[in-house]
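Read off the chains here:
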Amino acid sequence: MKKKLLCLALASAMALSLAACGQTAPTASSAASASGSSAASGSASGKTYNVGIIQLVQHPALDAATKGFQDALTDALGDAVHFDLQNAAGDSATCSTMATQMVSSGVDLILANATPALQAAAAATSDIPILGTSVTEYGVALSIDGFNGTVGGNISGTSDLAPLDQQAAMFAELLPNAKTVGILYCSGEANSVYQADKVKTALEAAGVTVKVYTFADSNDVAAVTTTACGECDALYIPTDNTAASCTEAINNVAQPAGIPIICGEEGICKGCGIATLSIDYYELGRTTGEMAAKILTGEADISTMPIEYYTNPVKEYDADRAAALNITIPSGYTAIKA
């Protein structure tokens, strides 16, 4: 009996030993692999991105750029991206306050919509990625000598620069009898100064007399426009944010005076102009949003990303205003939709 019990005990011990041998212990590499896979999965599913947007002022061009940016980034990242959209109501100092607040809150990226917003964001941080949009010339905006198309550091973005020589050529095409052209813009916008200088040079080379009229802010737009209309045959307005927010005031002076205006972009033209060679600000914003998605996900390094440009500007005209001023628009122009 004892012998039988001993045999049963030995058999049981052997079975337990075999069972233990059948369980393979996890190696260091397999444990690390499992842990890394879990972490990667958690990062992919749980990561959120906080994006601050500083928009200088509310007007159709900047609104469209912001909308395009948000749509593109949402298409890429879904509900993982959260926006803090702030509007500075045309005040550069407010842009600086907003930028400082966004840096303090630790946003993952800042969209600076218009030149003063870009300048404020650049002054606030050299670490958080900054993308500009609706900025005409980054070398001018950021005081970069010999700008080669790539800002470097933590800044890149998109430019709303349309061919200025072609905009200047529209005067000969549409208004051949205009001998004196006034250029109207806000003196506080560096990129407006840049555009005005380029168009002035092109017009003077074509034999046109050019006079420059500047306003400091929206308070003196009507008065300056009145002076310009009294001294000129036609006006040119670049992609100027202050002018864009004051098109009604400009039109209330210029149209009754019979003075046609050629503009730097569609929104201003729709408000007070007869024609423009304009980019699509919504598509410009989308391009900026696509750049943002690559930066946030680590697919691209902002320090090596060149400024991107809109490559297909379109000749457009305001049909009602052109008719009111008895201006015939030649073929090749598209009517701006109401």
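Residues numbered from 1 in each chain as written. Predicted model: local features only at pLDDT ≥ 70, side-chain atom pairs only at ≥ 80, totals over all residues. Heavy atoms only, no water.

Chemist: When you look at the overall build of the protein chain in this model, what are you seeing that I'm missing?
Modeler: For the protein chain, the helix and strand inventory stands at 14 helices and 13 strands. Per-residue burial for the protein chain yields a buried fraction of 47% across its 338 residues. For the protein chain, restricting intrachain contacts to residue pairs at least 6 apart in sequence, the fraction spanning at least 24 positions comes to 71%. Accessible surface, the protein chain: about 15,800 Å² in total, of which carbon and sulfur atoms supply 52%. (Helix = DSSP H or I, 4+ residues; strand = E, 2+ residues; numbered from the N terminus. Buried < 20%, exposed > 50% of the residue type's maximum accessible area, 1.4 Å probe, protein only. Contact = heavy atoms within 4.5 Å. Areas by Shrake-Rupley, 256 points an atom, 1.4 Å probe, with all protein chains shown as cover.)

Chemist: When you look at helix 8 (residues 190-205) in this model, what are you seeing that I'm missing?
Modeler: The end-to-end C-alpha distance of helix 8 is 23 Å, a good match for the 22 Å that 16 residues give at a rise of 1.5 Å each. Along helix 8, the positions that sit buried rather than exposed are N191, S192, Q195, A196, V199 and L203. Taken down its axis, helix 8 places every buried residue within 135 degrees of arc, on the same side. Residues of helix 8 that are exposed and point over 90 degrees away from its buried face: T201 and A205. Two residues or fewer after helix 8 comes G207, characterised by a positive phi angle close to 90 degrees. (Expected span 1.5 Å × (residues − 1). Arc of directions from axis to C-beta.)

Chemist: It is not clear to me how the packing of aromatic side chains should be interpreted in this structure. Could you clarify?
Modeler: Remark: the centre distance and the inter-plane angle together describe each pair of aromatic rings, the angle taken between the planes. Evaluated as defined, the whole model comprises 2 aromatic pairs. Look at F69 and F83: their rings are 6.3 Å apart centre to centre, the planes differ by 65 degrees, and that puts the pair in the edge-to-face class. Pair noted here: F69 is in helix 3 (residues 60-77) and F83 is in strand 2 (residues 81-87), with a separation of 14 residues, a long-range link. For F69, a relative accessible area of 0% gives the class buried. Exposure remark for F83: the relative accessible area of 27% places this residue in the partly exposed category. (Phe/Tyr/Trp six-rings, centres within 6.5 Å; stacked < 30°, edge-to-face > 60°.)

Chemist: What's the story with the side chain of R321 in this structure? I'm lost.
Modeler: Checked against the element boundaries, R321 lands in helix 14 (residues 319-324). Polar side-chain contacts of R321 include one of 3.2 Å to the side chain of Q255. (Polar contact = N/O pair within 3.5 Å; in protein donor to acceptor, adjacent residues only side chain to side chain.)

Chemist: Explain unusual backbone geometry to me, please; I cannot follow it from the model alone.
Modeler: Generally, phi is negative for residues other than glycine and the peptide bonds are trans, each holding for most cases. Located in the positive-phi region is A89, a residue other than glycine, with phi close to 55 degrees. If you trace the backbone, A89 turns up in the loop between strand 2 and helix 4 (92-105). Residues other than glycine seldom take positive phi values, yet S143 does so here, at roughly 55 degrees. Locating S143 in the fold gives a position in the loop between helix 6 (138-141) and strand 5 (155-159).

Chemist: Before we go on, may I ask you to explain the sheet that holds strand 1 (residues 49-55) in this structure?
Modeler: Two pairing modes exist for strands in a sheet, parallel and antiparallel, and in both the strands are linked by backbone hydrogen bonds. Spatial ordering of the open sheet is given by 2-1-3-4-5-11, a layout of 6 strands whose pairing is parallel. In this open sheet, the two edge strands, each paired with only one partner strand, are strand 2 and strand 11 (308-309). As paired strands, strand 1 and strand 2 are joined by 7 bridges and run parallel to one another. Paired with I54 across the strands is Q86, a residue of strand 2. Together, strand 1, strand 3 (109-113), strand 4 (130-135), strand 5 and strand 11 form the strand contacts of helix 13 (residues 281-296), whose direction differs from that of strand 4 by roughly 170 degrees. (Pairing = 2+ DSSP bridges. Axes fitted to C-alpha atoms, helices over the stretch in contact; angles between N-to-C directions.)

Chemist: Got a minute to help me understand the pattern of salt bridges in this structure?
Modeler: Close approach of charged atoms lets side chains of opposite charge pair. Inspection of the entire model under this criterion finds 5 salt bridges. Residue K67 pairs with D71 through a salt bridge whose shortest N-O separation is 2.8 Å. With K67 and D71 both in helix 3 and 4 residues apart, the pair spans about one turn of that helix. (Salt bridge = Lys/Arg side-chain N within 4 Å of Asp/Glu carboxyl O.)

Chemist: Looking at this structure, I do not really get helix 11 (residues 247-257). What am I missing?
Modeler: Owing to its 3.6 residues per turn, the α-helix aligns residues three or four sequence positions apart on the same side. Burial in helix 11 covers these residues: T247, I250, N251, V253 and A254. Directly after helix 11, the chain includes G258, whose backbone phi takes a positive value near 75 degrees.

Chemist: Any chance you could explain a negative patch on the surface here in plain terms?
Modeler: A cluster of acidic residues, E266, D280, E283, E290 and E308, forms a negative patch on the protein surface. Structurally, E283 can be placed in helix 13. (Patch = residues over 30% accessible without salt bridge, like charges linked within 9 Å, V, L, I, M, F, W, Y side chains within 5 Å. Lys, Arg positive; Asp, Glu negative; His and termini not counted. Charge placed at Lys NZ, Arg CZ, Asp CG, Glu CD.)

Chemist: Is there a simple way to explain the packing of helix 9 (residues 221-231) against helix 11 in this structure?
Modeler: The description of two helices packed together rests on the angle between their axes and the distance between the axes. Contact geometry for helix 9 and helix 11: axes closest at 8 Å, N-to-C directions at 20 degrees. One element, helix 9, and the other, helix 11, form an angle in the roughly parallel class. The chirality of how helix 9 crosses helix 11 is right-handed. Every residue of helix 11 that contacts helix 9 at V221, A222, T225, T226 and C229 is listed here: I250, V253, A254 and A257. Each residue belonging to the contact of helix 9 with helix 11 can be placed in one class, and the counts come to 7 nonpolar, 2 polar and no charged. (Parallel < 35°, antiparallel > 145°, perpendicular 65-115°, else oblique. Left-handed = near helix turned anticlockwise from the far one by under 90°. Nonpolar A, V, L, I, M, F, W, Y, C, P; charged D, E, K, R; others polar.)

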